[in-house]
Amino acid sequence: MSESPRPTGQEAVPAGPWPPRSAYLHIPFCHRRCFYCDFAVVPLGDRADGASSGSIARYLEQLLAEIAAAPDGPPLSTVYVGGGTPSMLTPAQLGQLLAALRARFGLAPGAELSLEMDPASFDQDRLAGYLAAGVNRVSLGGQSFDDAVLERLGRRHRRADLLQAATWLAAARCRGDLASWSLDLIQGLPGQDLAGWDAQLAQAIALAPPHLSVYDLIVEPGTVFERLERRGQLDLPDADLAADLMEHTGRRLGAAGYGHYEISNYAWPGHASRHNRVYWSGAGWWGFGLGATSAPWGERLARPRTREAYGAWLAEAPFAAGDSASPGMPFDERVLVGLRRREGVRLERLAAAAGLGAAELAPLLERWRPYRERGLLRAEGGRWRLSDPEGLALSNAVLRELLEWWEERDGLDRPGE
């Protein structure tokens, strides 16, 4: 991973905050809200588009103002435009946003510029416009190849749209116009079994995306899926089947040449997402837009999730006070994001940097002992990591022990609360 904001393996823990070299831009608009989605999104209807939407135009004015008001920082080595459905923007609108980042921070040579795109939200001309504006990596939100499943998810696109979009992206990469692209899939969907999931993976592999993101379905509060689950109308895989699905994913994609470099992410050599690794390494990043989370010096700040509250927040000059003295990401978050990666973390080194001695760390290691005995969690050469695929498939249990230990320790440190 070249031009990373921090050494990938965290061989050294910085004494002070690192200046951010990555930026996330949130485009909240989408055509419709998917039944599993709890993101900060604003559905505008199936015909909405940046070329004609006043809502999108007004929001972009706010977003450009927020970027212009940001403190100084070094040139950006990664930019990720997510949502929502950012491919509802016109190429000219996207170009404005990239130009604003270039004017405020600069873009480093070879910067990774990623754009999330939904099938059926763009055509070849729009794709060409995005590439001309500077986009060199695309994340395609496919989720499933099954039309019936897509309908049950509340998705707008269908299998034919996904195949067509993937063909366009592959052709752009073959021409040298696109450096890389990724396909998103969801596993653990209602009614899913191992054979059906294997068929989904086979179709994904046949498209040959250089990167695959495979996410576990999480039923979030307030979603359509949450209401269906409460009524007993959501036939989800049980815990054993869910673990089998994840293990099968790792083995199937590994045999196809994809490296499993993070719990949900697989890539050919040289195609790992540089931007996403910023989050998992604990490095800082800028976040701009409604609902976006930033951590420019390690400490996280979430923007308001509604357009009205976001506008009021902007009016208060959010960057006036500056955040450069923030203490950085706490120890538990560093370990939490680090264990998501294939290479894991140097636990004792991180603990020492956080002022935690061996005696303070001992209760956590005791909690983790059963997982080490089962071979799910390994400590080798000072680096702690989850085994692949078994440990990564059961990562939630290991990470839950970390969070419970940290909460108990935090409570002991503050006996008066």
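See the structure printed just above.
Just so it is clear, the structure is predicted and the values come from calculations on it, not from any experiment.

(A) Expanded view of the overall build of the protein. Helix and strand content of the protein: 15 helices and 15 strands. Looking at the protein as shown, the accessible area adds up to about 17700 Å², and 52% of this sits on carbon and sulfur atoms.

(B) Here's a closer look at the pattern of salt bridges. One pass over the full model with this rule turns up 14 salt bridges. In this structure, the salt-bridge partner of R369 is E373, at a minimum N-O distance of 2.9 Å. Note that R369 and E373 are positioned in helix α13 (residues 358-373) at a spacing of four residues, about one turn of the helix. R369 gets classed as partly exposed once you look at its relative accessible area, which sits at 39%. Residues R385 and E380 are paired through a salt bridge, measuring 3.2 Å at the closest nitrogen-oxygen approach. Using a relative accessible area of 22% as the deciding quantity, one classes R385 as partly exposed. Connected via shared salt-bridge partners are R32, D46 and R156.

(C) Geometry of the nonpolar core. Counting 63 residues, the largest nonpolar core has I27, L63, L101, L140, L183 and F288 as the members making the most contacts within it. Top contributing element to this core by residue count: helix α5 (residues 159-175), with six residues. Beyond its immediate sequence surroundings of up to four residues, L140 is in contact with M117, D118, P119, F122, L162, A165, A166, L169, W181, S182, L183 and D184. Membership of the second largest hydrophobic core comes to 22 residues, among which are L339, W368, Y371 and L376.

(D) Local environment of the pairing of strand β1 (residues 22-27). Counting buried positions along β1 yields six of six residues, so the element is predominantly enclosed. What you see with β1 is no split at all: S22, Y24 and H26 on one side and A23, L25 and I27 on the other are buried throughout. Across six bridges, the pairing between β1 and strand β4 (residues 76-83) is parallel. Bridge pairing in β4 places I27 opposite G83. For β1 and strand β11 (residues 286-288), the ladder comprises three bridges, and the chain directions are parallel. Each bridged residue has a counterpart across the sheet, and for A23 the counterpart in β11 is W286.

(E) How the structure looks around unusual backbone geometry. A cis geometry characterises the amide bond from G83 onward to G84, with omega recorded as 20°. Tracing the sequence through the fold places G84 in the loop between β4 and α2 (91-104). You will see that A120, though not glycine, has its phi angle at about 75°, which is positive. Considering the arrangement of structural elements, one finds A120 in the loop between β5 (107-117) and α3 (124-133). Even without glycine at this site, A208 takes up a positive phi of about 55°. For A208, the location among the structural elements is in the loop between α6 (194-207) and β8 (211-216).

(F) Fine view of the environment of E404. Structurally, E404 is set in helix α15 (residues 395-413). With a relative accessible area of 33%, E404 lands in the partly exposed category. A distance of 3.3 Å separates a polar atom in the side chain of E404 from a polar atom in the side chain of R367.

(G) Region of interest: the side chain of H275. Within the secondary structure layout, H275 lies in helix α9 (residues 274-281). Exposure remark for H275: the relative accessible area of 0% places this residue in the buried category. Engagement of the side chain of H275 in a polar contact is seen with the side chain of Y279, the distance being 2.6 Å. When residues no more than four places from it in sequence are discounted, the contact partners of H275 are S22, A23, Y24, T78, V79, Y80 and E112.

(H) A look at the packing of aromatic side chains. Counted according to the given criterion, the structure contains 13 aromatic pairs. Geometrically, the ring pair formed by W368 and W384 is tilted, given 5.6 Å between the ring centres and 40° between the ring planes. With W368 in helix α13 and W384 in strand β15 (residues 383-386), this pair connects stretches of sequence that are 16 residues apart. Looking at W368, the relative accessible area reads 0%, which means it is buried.

(I) Spatial organisation of the pairing of β15. Strand direction decides the pairing type here: strand β14 (residues 377-380) and β15, joined by four bridges, are antiparallel. The residue of β15 that forms the bridge with E380 is R383. Counted along the chain from β14 to the antiparallel partner β15, the turn is two residues long, and its residue G381 has a positive phi close to 60°.

(J) The environment of S264, seen in detail. Here S264 lies in the loop between β9 (259-262) and β10 (265-267). Note on S264: relative accessible area 8%, which makes it buried. Linking S264 and R341, residues 77 residues apart in sequence, is a C-alpha distance of 9.4 Å. Residues in contact with S264, not counting those within four places in the same chain, are L212, S213, V214, Y215 and R340.

(K) Spatial organisation of helix α10 (residues 307-315). Listed as buried for α10 are Y310, W313 and L314. End-on, the buried residues of α10 take up no more than an arc of 100°, which puts them together on one face. Residues of α10 that are exposed and point over 90 degrees away from its buried face: E308 and A315. Packing partners of the buried residues in α10 comprise α1 (54-69) and β13 (301-302).

(L) Quick look at the environment of R346. Structurally, the position occupied by R346 is in the loop between α11 (331-338) and α12 (347-353). By relative accessible area, which is 21% here, R346 ends up partly exposed. Separated by 34 residues in the primary sequence, R346 and E380 place their C-alpha atoms 9.6 Å from one another.

How each quantity is defined
Residues numbered from 1 in each chain as written. Predicted model: local features only at pLDDT ≥ 70, side-chain atom pairs only at ≥ 80, totals over all residues. Heavy atoms only, no water. Helix = DSSP H or I, 4+ residues; strand = E, 2+ residues; numbered from the N terminus. Areas by Shrake-Rupley, 256 points an atom, 1.4 Å probe, with all protein chains shown as cover. Salt bridge = Lys/Arg side-chain N within 4 Å of Asp/Glu carboxyl O. Buried < 20%, exposed > 50% of the residue type's maximum accessible area, 1.4 Å probe, protein only. Core = buried A, V, L, I, M, F, W, Y, C linked by side-chain atoms within 4.5 Å. Contact = heavy atoms within 4.5 Å. Pairing = 2+ DSSP bridges. Polar contact = N/O pair within 3.5 Å; in protein donor to acceptor, adjacent residues only side chain to side chain. Phe/Tyr/Trp six-rings, centres within 6.5 Å; stacked < 30°, edge-to-face > 60°. Arc of directions from axis to C-beta.

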